[in-house]
4 protein chains.
Amino acid sequence: MARTERESELLAITLQLLQKHGYEGLTVDEVAAIAHASKATVYRRWPTKAELVLAAFIEGVSEDAEPPETGSLREDLIVIGDLVCAQTRQHAGTMRAVLGEVSRNAALSEAMQRQLVDQRRRMMRKVFKQAIDRGEVRAGDVDSELWDLLPGYLIFRAVVQNRPATRRTVRALVDDVILPSLIR
Amino acid sequence: MARTERESELLAITLQLLQKHGYEGLTVDEVAAIAHASKATVYRRWPTKAELVLAAFIEGVSEDAEPPETGSLREDLIVIGDLVCAQTRQHAGTMRAVLGEVSRNAALSEAMQRQLVDQRRRMMRKVFKQAIDRGEVRAGDVDSELWDLLPGYLIFRAVVQNRPATRRTVRALVDDVILPSLIR
Amino acid sequence: MARTERESELLAITLQLLQKHGYEGLTVDEVAAIAHASKATVYRRWPTKAELVLAAFIEGVSEDAEPPETGSLREDLIVIGDLVCAQTRQHAGTMRAVLGEVSRNAALSEAMQRQLVDQRRRMMRKVFKQAIDRGEVRAGDVDSELWDLLPGYLIFRAVVQNRPATRRTVRALVDDVILPSLIR
Amino acid sequence: MARTERESELLAITLQLLQKHGYEGLTVDEVAAIAHASKATVYRRWPTKAELVLAAFIEGVSEDAEPPETGSLREDLIVIGDLVCAQTRQHAGTMRAVLGEVSRNAALSEAMQRQLVDQRRRMMRKVFKQAIDRGEVRAGDVDSELWDLLPGYLIFRAVVQNRPATRRTVRALVDDVILPSLIR
DNA sequence: TCATAAGCGAGACGGTACGTCGTGTCTTACG
DNA sequence: CGTAAGACACGACGTACCGTCTCGCTTATGA
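Just so it is clear, the structure is predicted and the values come from calculations on it, not from any experiment.

(A) Representation of the pattern of salt bridges within the structure. Tallied over the entire structure, the rule returns 40 salt bridges over all chains. As a salt-bridge pair, R6(A) and E9(A) come within 2.9 Å of each other at their nearest N and O atoms. Here E9(A) and R6(A) lie together in helix α1 (residues 5-25), a separation of three residues that amounts to about one turn. According to the relative accessible area criterion, R6(A) is partly exposed, its value standing at 30%. Between R171(C) and D82(C) there is a salt bridge; the shortest N-O distance is 3.3 Å. Residue R171(C) is located in helix α8 (residues 167-182), and its partner D82(C) is located in helix α5 (residues 73-102); the two are separated by 89 residues in the primary sequence.

(B) Quick look at the environment of T94(A). Residue and element names in this part refer to chain A. One can find T94 in helix α5 (residues 73-102). Each C-alpha atom of the pair T94 and D76 lies 27 Å from the other, and the pair is 18 residues apart in sequence. With near-sequence residues (within four places) excluded, T94 lies in contact with L15, L18, Q19 and F57.

(C) Inspection of the protein's contact with DNA strand E at higher detail. Lining the immediate surroundings of DNA strand E are 33 residues, of which R6(B), T41(B), R44(B), R6(C) and R44(C) lie closest. Here the atoms of DNA strand E within 4 Å of the protein split so that 60% fall in sugar or phosphate, with bases taking the remainder. Within the backbone of H36(C), a nitrogen or oxygen atom sits 3.2 Å from a phosphate oxygen of DNA strand E. Within the backbone of K49(D), one N or O atom sits 3.2 Å away from a phosphate oxygen of DNA strand E. Looking at the surface near DNA strand E, the elements with two or more residues in it are α2 (28-34) and α3 (39-45) of chain A, α3 (39-45) of chain B, α3 (39-45) of chain C together with α2 (28-34) and α3 (39-45) of chain D. In terms of residues, the surface near DNA strand E owes the most to one element, α3(C), which gives four residues. In the surface near DNA strand E, the residues fall into 10 nonpolar, 10 polar and 13 charged.

(D) Just the relation of the copies chain B and chain A, in detail. Taken as rigid bodies, chain B and chain A are interconverted by a rotation of 179° and an axial shift of 0.0 Å, the fit giving an RMSD of 0.6 Å. A rotation of that kind, with that shift, is consistent with a two-fold axis. A shared binding surface is used by both copies, with 93% of the interface residues of chain B retained as interface residues in chain A.

(E) Quick peek at the protein's contact with DNA strand F. In the vicinity of DNA strand F, 32 residues are found, and the nearest of them are R6(A), R44(A), K39(C), R6(D) and R44(D). If you look at DNA strand F and keep only atoms within 4 Å of the protein, 61% of those are sugar or phosphate atoms. One nitrogen or oxygen atom from the side chain of K39(B) is found 2.8 Å from a base oxygen belonging to DNA strand F. A distance of 3.0 Å is found between a phosphate oxygen of DNA strand F and a backbone nitrogen or oxygen belonging to V28(C).

(F) Spotlight on the interface of chain B and chain A. On the chain A side, the residues contacting the 42 residues of chain B number 40 residues. Summed over both sides, the interface of chain B with chain A buries roughly 3700 Å², with 55% coming from carbon and sulfur. When the area that chain B buries against chain A is broken down by residue, the three leading residues are E145(B), L146(B) and V160(B), summing to 16%. The partner of R163(B) in a salt bridge is D148(A), and the shortest N-O contact between them spans 3.2 Å. Remark: the boundary between chain B and chain A carries eight residue pairs in polar contact (both at pLDDT 80 or more). Secondary structure elements with two or more residues in the side of chain B that touches chain A: α1 (5-25), α5 (73-102), α6 (106-134), α7 (149-160) and α8 (167-182) of chain B.

(G) Geometry of the domain arrangement of chain A. All names here are of chain A. Domain annotation of chain A identifies domain 1 (5-59) and domain 2 (64-182). For domain 1 versus domain 2, the separation of C-alpha centres amounts to 29 Å. Contacts between the two partners involve 11 residues from domain 1 and, on the opposite side, 12 residues from domain 2. Taking both sides of the interface into account, the surface hidden between domain 1 and domain 2 amounts to around 990 Å²; carbon and sulfur atoms contribute 82%. Applying the counting rule to domain 1 against domain 2 returns zero salt bridges. Of all the elements in the fold, those that place two or more residues in the side of domain 1 that touches domain 2 are α1 and α4 (49-61).

(H) The interface of chain D and chain C, seen in detail. Between chain D and chain C, the contact holds 41 residues from the first and 41 residues from the second. Of the roughly 3700 Å² buried where chain D meets chain C, counting both sides, 55% is carbon and sulfur surface. For the interface between chain D and chain C, the tally reads two salt bridges. Across the chain D-chain C interface, the total number found is nine residue pairs in polar contact (both at pLDDT 80 or more). Breaking the side of chain D that touches chain C down by element, the ones donating at least two residues are α1 (5-25), α5 (73-102), α6 (106-134), α7 (149-160) and α8 (167-182) of chain D.

(I) Examining the relation of the copies chain D and chain C more closely. Aligned on chain C, chain D shows an RMSD of 0.5 Å; the corresponding rotation is 179° and the shift along the axis is 0.0 Å. Here 98% of the contact residues of chain D are again contact residues in chain C; the copies associate through an equivalent surface.

(J) Local environment of unusual backbone geometry. All names here are of chain C. We note that H36 has phi near 50°; this positive angle belongs to a residue other than glycine. With respect to the element layout, H36 can be found in the loop between α2 (28-34) and α3. Using a relative accessible area of 73% as the deciding quantity, one classes H36 as exposed.

(K) Seen up close, α1(B). Taking 1.5 Å as the rise per residue, α1(B) with 21 residues should run 30 Å; its terminal C-alpha atoms sit only 25 Å apart, a clear shortfall. Approximately 85° is the largest bend angle found in α1(B), and it occurs at Q19(B). Buried within α1(B) are the following residues: E7(B), L10(B), L11(B), I13(B), T14(B), L15(B), L17(B), L18(B), G22(B) and Y23(B). For α1(B), the secondary structure elements touched by its buried residues are α1 of chain A together with α2 (28-34), α3, α4 (49-61) and α5 of chain B.

(L) Structural detail: the packing of helix α1 (residues 5-25) of chain C against helix α4 (residues 49-61) of chain C. Residue and element names in this part refer to chain C. Here α1 crosses α4 at 105°, and the two axes come no closer than 8 Å. As the angle between them shows, α1 and α4 are arranged roughly perpendicular. On the side of α1, the interface is formed by S8, L11, T14, L15, L18, Y23 and E24, while α4 contributes K49, A50, L52, V53, A55, A56, F57, E59 and G60. Here the contact of α1 with α4 is composed, by residue class, of 10 nonpolar, three polar and three charged.

(M) Region of interest: the packing of α7(D) against α8(D). All names here are of chain D. One can describe the packing of α7 onto α8 by two numbers: an axis separation of 11 Å at closest approach and a directional angle of 140°. Once α7 is placed against α8, the crossing between them reads as right-handed. Along its contact with α7, which presents L149, L150, Y153, L154 and R157, the element α8 presents T169, V170, L173, V174 and I178. Partitioning the contact of α7 with α8 into residue classes produces eight nonpolar, one polar and one charged.

(N) Fine view of the packing of aromatic side chains. Across all of its chains, the model carries four aromatic pairs over all chains by this definition. Directly above the ring of Y23(C) sits K49(C), whose terminal nitrogen or CZ lies 4.6 Å from the centroid.

(O) Main features of the side chain of Q161(C). By secondary structure assignment, the location of Q161(C) is in the loop between α7 (149-160) and α8. Within the structure, the side chain of Q161(C) is placed 2.6 Å from the side chain of D148(D), a separation counted as a polar contact. Contacts of Q161(C), omitting those with residues within four sequence positions, involve F156(C), Q113(D), V117(D) and D148(D).

Conventions we followed
- Residues numbered from 1 in each chain as written.
- Chains lettered and ligands numbered in written order.
- Predicted model: local features only at pLDDT ≥ 70, side-chain atom pairs only at ≥ 80, totals over all residues.
- Heavy atoms only, no water.
- Salt bridge = Lys/Arg side-chain N within 4 Å of Asp/Glu carboxyl O.
- Helix = DSSP H or I, 4+ residues; strand = E, 2+ residues; numbered from the N terminus.
- Buried < 20%, exposed > 50% of the residue type's maximum accessible area, 1.4 Å probe, protein only.
- Contact = heavy atoms within 4.5 Å.
- Near = heavy atom within 4 Å.
- Polar contact = N/O pair within 3.5 Å; in protein donor to acceptor, adjacent residues only side chain to side chain.
- Nonpolar A, V, L, I, M, F, W, Y, C, P; charged D, E, K, R; others polar.
- Least-squares fit on C-alpha atoms with pLDDT ≥ 70 in both.
- Buried area = accessible area lost by both parts, 1.4 Å probe.
- Domains from an automatic or database assignment.
- Expected span 1.5 Å × (residues − 1).
- Bend = angle between axes of the 7 residues up to and from the residue.
- Axes fitted to C-alpha atoms, helices over the stretch in contact; angles between N-to-C directions.
- Parallel < 35°, antiparallel > 145°, perpendicular 65-115°, else oblique.
- Left-handed = near helix turned anticlockwise from the far one by under 90°.
- Phe/Tyr/Trp six-rings, centres within 6.5 Å; stacked < 30°, edge-to-face > 60°.
- Lys NZ or Arg CZ within 6 Å of the ring centre and 35° of its normal.

Now the structure itself:
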């Protein structure tokens, strides 16, 4: 997936226009015009507008952050929460724009899940494993069904509610909900 | 917001085609043709395709369900959770389609919030109030910031993750997370 | 064909809008709106836009002028020529607007001919008859095929050429062309 | 004004449909459909229906005929008259359709004048000049104001009267009116 | 005096053309 | 050969107009 400079430029322009106009408002003509490229140059790489947009979205959003290692589960969760907050605050519009296409295109949907969900899942797993290793919580206490409650609710707030969570929200969520549910 | 029969018919057709073709695939011409209506008849009421779709979505989704009164907070929450599950399972595609427009149109955004969020908020408030009146939980235990954690996470699962929650998920969420956070 | 006041008002408005916007640019809605009338009120009297326009045209254009009796054929012809000049100068736009419809509607075509052509034909006939009676020209010299050469050319200039004839044109036509062709 | 093949094809189809349905009955969609062309392809060249129709009319009508050189003014005039008769007989409906637009569009009006009038004017001038050179008429006898009396009256008959002139009419006009006015 | 009707203003409606614009394909000419 | 430029077929969008229709309101006559 090594991008040429040209490809990265096209994706960057696409992402920018996507944030500006939304999925419907984005036009391939405008992407090409701004890049001083031919439409054929765009379509040669991404055969539909939807794939172009998804590629731009993935390129722009996925920053492979390392899982935190603060030595405390609470601190780790808060770091993750704040990170998700910042990310979703920045990319909420883009995510909304892309979501509409996800329903109808299995490839897009899968790519999106892999890029966004799996990355976060790995991070959460590692943090919990560290906490178990440290003896902070018992292994059985972590319900695998709800591992993404923290990022999930934060994303819901930003993307669906259009009311992004604050640092206060993150702390309330971790202290009053997540932690009590583990060390019950 | 009293709908005439004609309006309801148009919205019903729109919702049906929306679920069938998605937002992009839906055409106002087809809506009009199926309803044996003129395009002008549609555009007179909803001046753009986006507003038509949002109206159809709201009409289709907002079934003013009464808050449950099972006599137990746990049962009430599970009823609500199952209801949200069923609703989102049915309308996830439509919600994704509509979300893209929400970014760009404050009126749509507000309408969506009022219709969907406020309705749920009222339901949750009433259920908690009943529980407080019964002495199940103390008033201070209910953090108003997180009142929508239950529906929010369920919606996240359906809309963003495309992996709708099950009845098991709802029960785990209520028993292992929500309730412990209240009676801590 | 006794017009009520309401009918005359509608036709006057129609004629005015016809001159302003042309046939295509004229809308029945606008006629009705200006007259504070319902469209049904218009359509009850003239079942199509074309018939409304033709009626307005006839009403507005046909002024039944009396044939001149100056005692001299030359003077009579010049009076007629000047009259036609004035009429066509005023109604050229309207005539152009109406002509397009004439091709396609036999009734309109016939009505237009009767109103405009026959009226002039009668006038010319009478003038020539008077000249014959006075002995100015011999009966055989008047070629019935070309009786409308004078008004015809003047109308051509105004309607087709968009270059209305002047009083000088009329005199040249009468003195240098029409009269020489008669008293040859 | 070099037309591509595509453009000529579109204009030919337009002219054909124009004669078939008239101006109002002609639709750009049908032109495009018959030509297997996109509407955008039509509108790229002629930005409105009116301009398309005028272009088709000019293309169809302006056959750059050479001025006749029969060696006799009378014969030259009759050739021209018969030519105008044939042309107007064929294109009367189209001319009527186009005239309505002429009022409202100076560019169209000018184009029409240049294409149709100037062409004929050149022809008449040349024919008269030849006659003067031959000594048939004296230079002063040709009144420049009325040079278009012959074609003008013939066009009037076809377009306004809807009663096209015959070969007999042409001969009467030339022999009894035009020539007498010159050699008076 | 009142009701039954007839005409009216207002404007929604079905149908359909207009002119615009975006997608994805394709051609041409340049480097 | 890849590219920039942009024409092209297709088809949806949103607007506007025609001619029909329904709805109340007014007025005008006849019982």
